[in-house]
Amino acid sequence: MVSLRGVDKHFGELHVLRSIDLEVAPREVVVVIGPSGSGKSTLCRTINRLEPIDAGEIRVDGQLLPAEGAQLAQLRADVGMVFQSFNLFGHLSVLDNVMLAPLKVRKASKATARSEAMALLERVGIADKADRVPAQLSGGQQQRAAIARSLAMHPKLMLFDEPTSALDPEMVNEVLEVMTSLAADGMTMVVVTHEMGFARRVADRVVFMAAGQIVEVAPPAEFFDATRSERARSFLSNVLAH
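These numbers come from a predicted model, not from an experiment. (Residues numbered from 1 in each chain as written. Predicted model: local features only at pLDDT ≥ 70, side-chain atom pairs only at ≥ 80, totals over all residues. Heavy atoms only, no water.)

**Q** Tell me about the sheet that holds strand E9 (residues 205-210), and please be specific about residues and values.
**A** Reading across the sheet, the 6 strands line up as E6-E7-E8-E3-E9-E10 and stay open at both edges, with mixed pairing between neighbours. Either end of the sheet is taken by a strand with one partner, and the two such strands are strand E6 (79-82) and strand E10 (213-218). Each neighbouring strand pair of the sheet contributes to a mean axis angle of 15°, computed without reference to strand direction. Relative to strand E8 (residues 188-192), strand E7 (residues 157-161) is paired through 5 bridges, and the arrangement is parallel. Of the residues in E8, the one forming a bridge with Met158 is Met189. Packing against the sheet, helix H5 (residues 139-151) makes contact with E6 and E7, and its axis sits at approximately 170° to E6. (Pairing = 2+ DSSP bridges. Helix = DSSP H or I, 4+ residues; strand = E, 2+ residues; numbered from the N terminus. Axes fitted to C-alpha atoms, helices over the stretch in contact; angles between N-to-C directions. Contact = heavy atoms within 4.5 Å.)

**Q** Describe the pairing of strand E3 (residues 29-33), and please don't skip the residues or the numbers.
**A** Within E3, 5 of the 5 residues are buried, leaving the element largely enclosed by the surrounding structure. Sheet topology note: the E3/E8 ladder contains 4 bridges and is parallel. The residue of E8 that forms the bridge with Val30 is Val190. (Buried < 20%, exposed > 50% of the residue type's maximum accessible area, 1.4 Å probe, protein only.)

**Q** Please set out the layout of surface pockets residue by residue, giving values where relevant.
**A** Rolling a probe over the atoms, with the probe sized like a water molecule, indicates the empty space that remains. Taken as a whole, the largest pocket spans an internal volume of roughly 440 Å³. In this structure, the largest pocket is lined by 18 residues; those nearest its centre are Arg76, Met81, Ala101, Arg149 and Ser150. When residues of the lining of the largest pocket are traced back to their parent elements, those giving at least two are helix H2 (69-78), E6, helix H3 (94-104) and H5. When residues in the lining of the largest pocket are grouped by element, the largest group, 4 residues, is from H3. Class assignment for the residues of the lining of the largest pocket results in 10 nonpolar, 5 polar and 3 charged. In this model, the second largest pocket occupies a volume close to 190 Å³. Forming the boundary of the second largest pocket are Val60, Asp61, Gln63, Leu64, Pro66, Gln71, Gln74, Leu75, Asp78 and Lys156. Contributing elements (two or more residues each) for the lining of the second largest pocket: strand E5 (63-64) and H2. Here the lining of the second largest pocket gets 4 residues from one element, more than from any other, and that element is H2. The residue inventory of the lining of the second largest pocket, partitioned by class, reads 4 nonpolar, 3 polar and 3 charged. (1 Å grid on protein atoms, 1.4 Å probe; cavity = no way out; pocket = protein on both sides within 12 Å on 5 of 7 lines; lining within 4 Å. Points joined across faces, edges and corners; volume = space filled by probe spheres on them. Nonpolar A, V, L, I, M, F, W, Y, C, P; charged D, E, K, R; others polar.)

Put into structure tokens, the structure is as follows:
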């Protein structure tokens, strides 16, 4: 579903992605972890070209990532993304936030968009908040609305860029539960997160990054219980001790 070959990315003098090679199979859940500044979020954002790359190639569902124009818009319609900061439209109701893209991009009828949006809000557990604006929701509810909004486009792939890091601790699980149910339903997912329990429980593979490179890729049991690299061992000893 996703293929990155020799991907490099600079921000000025900073070399944030270094010769990244990664394959994500259909229905696979790949969780990307690593220290701050390791390039995790940048990697996630290159997959739908929110960040252009300097070298290499990225393919989504076999198609080379377009640089711009209608083909890029089509690809972005097929790739859902959930951000750390929700990015909901504050002046629209939750229901209208979820309906907007299907109406504007997919040209769905209003009745179809509304019916599907309500079903998705039911799925993520906030159908009773459909008429509220985002400011009237908790952080966890806003993030669940953002997930519903992405799912409304029937994406082939979902990208999650630290979706729980802006949430209060008690709200984290309600978002992770929705993500876990998506994984169980076979959604292809790339998840950048600091939630080690989620990575161990839900990932098919864990990708560990440091200093812009992929240091280790392994199934979660192997990664957490018998990690091969000293850098990953050091990282896990720090994060799992807290």
